[in-house]
Amino acid sequence: MEKTSSNRIVIIDALRGFALAGVALVHMTEQYIASAPTDNLMEITNGTIDQILSGAIGFLIIGKFFALFSILFGLSFFIQMDAAAKRGQNFAGRFLWRVFLLFVIGYTHHLFYKGDILTIYALLAPFLIPFYKVNNKWILLTAGLFLLSIPRFISYSILGTESAFGFSSFTDFNSELNTSYIQTLKEGSLNQVFAKNAGQGMLQKMDFQIGFFARFYLTFGYFLIGLWLGKIGLFQNVKERVPLVKKWLKRASIAFGIALLVTAGFFAMSPQPVDFNSWLHILGINAYDLSNIALTTIILCGFILIYRKKWGEKRLSFFAPYGRMALTNYVLQSIVGTFILFGWGLGYLGKIRTLYLFAIAIALIVLQTILSKIWLTYFKYGPLEWAWRSATYGKLQPFKK
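It should be emphasised that the depicted structure is a prediction, and the values quoted were computed from it without experimental measurement.

A. Just helix α17 (residues 383-393), in detail. Those residues of α17 that sit buried are E385, W388, S390 and T392. Packing partners of the buried residues in α17 comprise α4 (92-112), α14 (320-324) and α15 (326-341). Looking one or two places after α17, you find G394, whose phi comes out positive at around 70 degrees.

B. Just the UniProt feature "domain: DUF418" (unreviewed entry) in the chain, in detail. Under the UniProt annotation, the feature "domain: DUF418" (unreviewed entry) is placed at residues 229-395. Secondary structure content for residues 229-395 is 75% helix and 0% strand, and the end C-alpha separation is 31 Å.

C. Focus on a nonpolar patch on the surface. Together, W138, L141, L145, L148, I150, I154, I158 and L290 make up an exposed nonpolar region whose accessible area comes to about 760 Å². Mapped by element, the contributors of at least two residues to the nonpolar patch are α6 (136-147) and α7 (150-159). Relative to the elements of secondary structure, L148 occurs in the loop between α6 and α7.

D. Up close: the pattern of salt bridges. Applying the stated criterion across every chain, the model contains 6 salt bridges. Between D13 and R16 there is a salt bridge whose closest N-O contact spans 3.2 Å. You can see D13 and its partner R16 sitting in helix α1 (residues 10-29), 3 residues apart, about one turn around the helix. The same class applies to D13 and to R16, which are both buried. Of the charged contacts in the structure, one is a salt bridge between R353 and D50, with a shortest N-O distance of 2.9 Å. Pair noted here: R353 is in the loop between α15 and α16 (354-376) and D50 is in helix α2 (residues 48-60), with a separation of 303 residues, a long-range link. A relative accessible area of 24% means that R353 is categorised as partly exposed. A residue is classified by how much of its surface remains accessible, and D50, at 0% relative accessible area, is buried.

About the thresholds
Residues numbered from 1 in each chain as written. Predicted model: local features only at pLDDT ≥ 70, side-chain atom pairs only at ≥ 80, totals over all residues. Heavy atoms only, no water. Buried < 20%, exposed > 50% of the residue type's maximum accessible area, 1.4 Å probe, protein only. Helix = DSSP H or I, 4+ residues; strand = E, 2+ residues; numbered from the N terminus. Contact = heavy atoms within 4.5 Å. UniProt positions renumbered as here; feature names shortened; annotations may be inferred. Patch = residues over 30% accessible without salt bridge, like charges linked within 9 Å, V, L, I, M, F, W, Y side chains within 5 Å. Areas by Shrake-Rupley, 256 points an atom, 1.4 Å probe, with all protein chains shown as cover. Salt bridge = Lys/Arg side-chain N within 4 Å of Asp/Glu carboxyl O.

Set out below in structure tokens:
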């Protein structure tokens, strides 16, 4: 498999860029609110094309590309630990310092955009360290417990749909709290948005993570899958693993169909309208998450199988520079997106159709990819990647090529 001069595996960078592109599409079309939209959010009417596009994004992208991004974080953890082990070093202590720095970067990003995932990654990452030397079967078993959302059932039995921090219920989209927050995004200054996100926004994010949406637990499950993929050397030996990848693809396709049928069955039997106050609703959302996991596997396997072909590698490698600078691009796209939409910037929140938001996201992805490619012809790392690496090792790292 092709490597760069720095011994990076290009398919991993390409896959990371591909995953980040999906994340960017979701965030932009959701207008960077990271909350349930209130009834009066949109000042214009989305037409049929917009609704079809929203449905396609929800079905094909939401929850899947975030999962890919999380799997790759777990894979990156393995690569760093393994590289240090081969040098006779223990990277665990430095990794903890590295994720603390990631939390600082993430929290700064969170001030702009409440949906930041870097802070969550940083909180979960230390728990990966004990699994580095654990047998693969136990890694998969633990990942399965998280991906089956066993913690969700525990959380729901205790909290139901209520907030762990005393906020209004998740299901009350038009609550005073949510309405006030979105109004701040629409009309508030940058300092006011920062103030909302700094305290209340972080607690609301943790509500979403540990409540019945279970994103916190799913994320760690994906981390473990990434760790496992690193331990079996999938991306170092892609050609040899093609039969296995095809087998995964076949099984995931079957699982996807079954999960969708089970999801439909649970929601058909559950009380209407859906308010997540029934265990049938929770079983339904759990089955839907399993369909997301299956579709993520399909996307991952499909990417690998296409990339191994010369024409596929040529096209999908387009995402590699974007993926090599994923941290910089992730933070920058949020700043650009919130500037376009929020009141402290151009103030277009609720004023742009989904179709046009989608087009803006595509343009931003293409522009960032081109700029990343140009940047990497002169520099070894993206700006934030270089700063993060330098702070990790406590000394300035080589920057210019």
